[in-house]
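Residue strings, one per chain:
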Amino acid sequence: MSSRGYSAAELEKAQERFGFRFPPDLYDLLLKRRIPKGHDWAGLSDTVKRAFRWPLEGLLFGVEEAGLWWPEWGERPSEEADRGAVVAEVVAKAPKLIPLMGHRYLPARPHQVGNPVFSVYQSDIIVYGANLQDWMLVEFGPRSDRKPGQIPHTIDFWSLAVSRHGDAKFYPFAEG
């Protein structure tokens, strides 16, 4: 892991550009070091822009290609554009997911320490770490330092997505 973190100015610029606030634990981590193979918050690259769109695009793919439709969304519209508008509105109301690396995300809300890390791949949404520290151990080890059985915070919309289309257990190292 890189020992050089981001400057506060770089992180503030990223928050302003993308319309969110880093939760305190992620902000502190990024001030100290960069996540290996993570998104570049200093360059504000196209990769970051695409990563922010990924969760919505994946759900839209599920709606159109796999017949995904949850009862909470109301009656399924007959037109693709109308279905897309409903899903886009639902996701816009949900806490914004901050890309960490690949398809791993940390919710921006609630703005607190300890939010779970989600793996989001289309409508396959799972908890990949009970919190940021747990996720770091899953991704970068040593896994022996993990505390199995941690219960992640419930996050509006995204926790429901886990229970609907993901594996509600911790992935992939839930066992003691």
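Residues numbered from 1 in each chain as written. Predicted model: local features only at pLDDT ≥ 70, side-chain atom pairs only at ≥ 80, totals over all residues. Heavy atoms only, no water.

Asker: Would you mind going over helix α3 (residues 46-65) with me for this structure?
Answerer: Each α-helix turn comprises 3.6 residues. Residues three or four places apart therefore point the same way. At Trp 54, α3 is deflected by roughly 40°, the largest bend along its length, and proline Pro 55 occurs up to four residues later in sequence. Residues Val 48, Ala 51, Phe 52, Pro 55, Gly 58, Leu 59, Gly 62 and Val 63 constitute the buried set of α3. Where α3 ends, the next residue or the one after it, Gly 67, has phi of about 70°, a positive value. (Bend = angle between axes of the 7 residues up to and from the residue. Helix = DSSP H or I, 4+ residues; strand = E, 2+ residues; numbered from the N terminus. Buried < 20%, exposed > 50% of the residue type's maximum accessible area, 1.4 Å probe, protein only.)

Asker: When you look at helix α4 (residues 80-93) in this model, what are you seeing that I'm missing?
Answerer: Taking 1.5 Å of rise per residue, the 14 residues of α4 would be expected to cover 20 Å, and the 20 Å separating its terminal C-alpha atoms lies within 8% of that figure. Looking only at α4, the buried set comprises Arg 83, Gly 84, Val 87 and Val 91. Axial view of α4: buried residues confined to an arc of 100°, hence all on one face. Across α4 from its buried face, at more than 90 degrees, point the exposed residues Ala 81, Ala 92 and Lys 93. (Expected span 1.5 Å × (residues − 1). Arc of directions from axis to C-beta.)

Asker: Can you walk me through the confidence of the model for the protein chain in this structure?
Answerer: The predicted coordinates ought not to be read in detail in places where the model reports low pLDDT. With 90% of its residues at a pLDDT of 70 or more, the protein chain shows a mean pLDDT of 88. Scored below 50 in pLDDT, residues 166-176 makes 30 contacts in the model with residues more than four places away or belonging to other chains. (pLDDT = per-residue confidence, 0-100. Contact = heavy atoms within 4.5 Å.)

Asker: Looking at this structure, I do not really get the packing of aromatic side chains. What am I missing?
Answerer: In this description, an aromatic ring pair is defined by two values, namely the gap between the centres and the angle between the planes. Overall, the coordinates contain 14 aromatic pairs when judged by the stated rule. Each ring, one from Phe 22 and one from Tyr 27, has its centre 6.5 Å from the other, and the planes form 50°; the classification is tilted. Taken individually, Phe 22 and Tyr 27 each receive the classification buried, so the pair is uniform in this respect. By way of ring pairs, the aromatic residues Phe 18, Phe 20, Phe 22, Tyr 27, Trp 41 and Phe 52 are connected into one cluster. Just above the ring of Tyr 6 sits the side chain of Arg 34; from NZ or CZ to the centre is 3.9 Å. (Phe/Tyr/Trp six-rings, centres within 6.5 Å; stacked < 30°, edge-to-face > 60°. Lys NZ or Arg CZ within 6 Å of the ring centre and 35° of its normal.)

Asker: What exactly am I supposed to notice about the packing of helix α1 (residues 8-18) against helix α2 (residues 24-32) here?
Answerer: Axis angle and axis distance: for two packed helices, these are the angle between their axes and the distance between the axes, and together they describe the pair. Here α1 crosses α2 at 135°, and the two axes come no closer than 10 Å. Our classification of the angle between α1 and α2 gives oblique. Between α1 and α2 the crossing geometry is right-handed. Across the interface between the two elements, Ala 8, Leu 11, Glu 12 and Gln 15 of α1 pack against Tyr 27, Leu 30 and Leu 31 of α2. In terms of residue class, the contact of α1 with α2 is made up of five nonpolar, one polar and one charged. (Axes fitted to C-alpha atoms, helices over the stretch in contact; angles between N-to-C directions. Parallel < 35°, antiparallel > 145°, perpendicular 65-115°, else oblique. Left-handed = near helix turned anticlockwise from the far one by under 90°. Nonpolar A, V, L, I, M, F, W, Y, C, P; charged D, E, K, R; others polar.)

Asker: So what exactly am I meant to see when it comes to unusual backbone geometry here?
Answerer: Glycine aside, a negative phi is what most residues show, and trans is what most peptide bonds show. Omega for the peptide link from Arg 109 to Pro 110 comes to 0°, which places this bond in the cis form. By the secondary structure assignment, Pro 110 is in the loop between β2 (104-107) and β3 (117-121). Positive phi outside glycine occurs at Gln 122, with the angle close to 55°. Its place among the elements puts Gln 122 in the loop between β3 and β4 (124-129). In this structure Gln 122 comes out as partly exposed when scored by relative accessible area, which is 28%. Even without being a glycine, Phe 157 presents a positive backbone phi close to 65°. Here Phe 157 lies in the loop between α5 (132-140) and α6 (158-165).

Asker: Where do I start with the sheet that holds β4 in this structure?
Answerer: Two orientations exist for strands paired in a sheet by backbone hydrogen bonds: parallel and antiparallel. One open sheet accounts for four strands, arranged β1-β2-β3-β4; its pairing is antiparallel. In this open sheet, the two strands that pair with only one neighbour each are β1 (97-101) and β4. Strand-to-strand, the axes of this sheet are offset by a mean angle of 40°, without reference to chain direction. In this structure, β2 lies alongside β3, joined through two bridges in antiparallel fashion. Directly across from Arg 104, in β3, lies its bridge partner Ser 119. Contacts from α3 reach β1, β2, β3 and β4, with the element oriented near 115° to β1. (Pairing = 2+ DSSP bridges.)

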